[in-house]
Amino acid sequence: MLFEEYRGYEGPKFRKFTYTEISDIDQQIFGSDGQGYLALKALEDNENDFSFYTEFNPKNYSLSDIARYKEYTNSFWYFLDRSDRDVYNFQRVHRYHLNFIDELYLKITGNPINQTDYRKDMKDLFSSFDEGVFEKHYYLSNLNSNIFPDIFKINFLNMLVFLILLIFSLLFYAIQLNDILTYKITLFILSLFIANTTDLIAIVYQSIKHELDVKEVFKI
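Described below are features of the structure shown in this document.

Cut-off values and rules
- Residues numbered from 1 in each chain as written.
- Predicted model: local features only at pLDDT ≥ 70, side-chain atom pairs only at ≥ 80, totals over all residues.
- Heavy atoms only, no water.
- Patch = residues over 30% accessible without salt bridge, like charges linked within 9 Å, V, L, I, M, F, W, Y side chains within 5 Å.
- Areas by Shrake-Rupley, 256 points an atom, 1.4 Å probe, with all protein chains shown as cover.
- Salt bridge = Lys/Arg side-chain N within 4 Å of Asp/Glu carboxyl O.
- Helix = DSSP H or I, 4+ residues; strand = E, 2+ residues; numbered from the N terminus.
- Buried < 20%, exposed > 50% of the residue type's maximum accessible area, 1.4 Å probe, protein only.
- Axes fitted to C-alpha atoms, helices over the stretch in contact; angles between N-to-C directions.
- Parallel < 35°, antiparallel > 145°, perpendicular 65-115°, else oblique.
- Left-handed = near helix turned anticlockwise from the far one by under 90°.
- Nonpolar A, V, L, I, M, F, W, Y, C, P; charged D, E, K, R; others polar.
- Expected span 1.5 Å × (residues − 1).
- Bend = angle between axes of the 7 residues up to and from the residue.
- Contact = heavy atoms within 4.5 Å.

Regarding a nonpolar patch on the surface
Side chains of Phe156, Leu157, Met159, Leu160, Val161, Leu163, Ile164, Leu166, Ile167, Leu170 and Leu171 sit close together on the surface and give an oily, nonpolar patch of about 1000 Å² of accessible area. Among the secondary structure elements, Leu170 is positioned in helix α8 (residues 150-174). Assessed through its relative accessible area of 56%, Leu170 is described here as exposed.

Here we look at the packing of helix α5 (residues 63-82) against helix α7 (residues 118-145)
Here α5 crosses α7 at 165°, and the two axes come no closer than 9 Å. As far as their axial angle goes, α7 and α5 are roughly antiparallel. When you trace α5 past α7, the crossing you get is left-handed. In terms of residue class, the contact of α5 with α7 is made up of 12 nonpolar, 7 polar and 7 charged.

Quick look at α7
For α7, which comprises 28 residues, the first-to-last C-alpha distance of 38 Å matches the rise-based estimate of 40 Å (1.5 Å per residue) to within 8%. Of all the bends in α7, the greatest, near 40°, is centred on Phe129. Those residues of α7 that sit buried are Tyr118, Arg119, Asp121, Met122, Leu125, Phe126, Ser127, Asp130, Phe134 and Ser141. At its buried positions, α7 is contacted by α3 (32-44), α5 and α6 (95-109).

Structure, rendered in structure tokens:
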């Protein structure tokens, strides 16, 4: 069963359960307890064991992927916040598995986990991902997803004007007109050319300056 199916998401790839079926599922997975488990499974995102546990896994994530991970993380944080502390306190987990958690927690945060209160540190870790890591990840991915920024659109439009002026000039010189009209049209085309060239130089300068300015990344 998928996390989205339990939450009743709409979509062709999700099964739609009746109210009775959802009630039965709630009883079988103990409500929010089962939802927390489904959220953890969803965070794996069908990754194989090798790629999931490597320290460096270069992969591009879509904005929808990051939004899903944020929701899964928030759901498990909610489970840690609301579930029974006497039942879910990591005390019955084998030391072998806890050692692995200790190692991963130290790599992620740079600090050792509190051995007497695993629950609190795990809750804080999921909160930091929900409110910090995924927010920054989403922001930077959104910046990178805009492959054609506005300043480059203006640059492209400016070059399009150059092409139109070139075509118009060729057509104009191919047509026989009187001297006065030819003089006026030549001045008009020349004025447009000078104005467009000046504008293009300014746009190119701004676009280069904009691409080299990474302050917005360090402000997040």
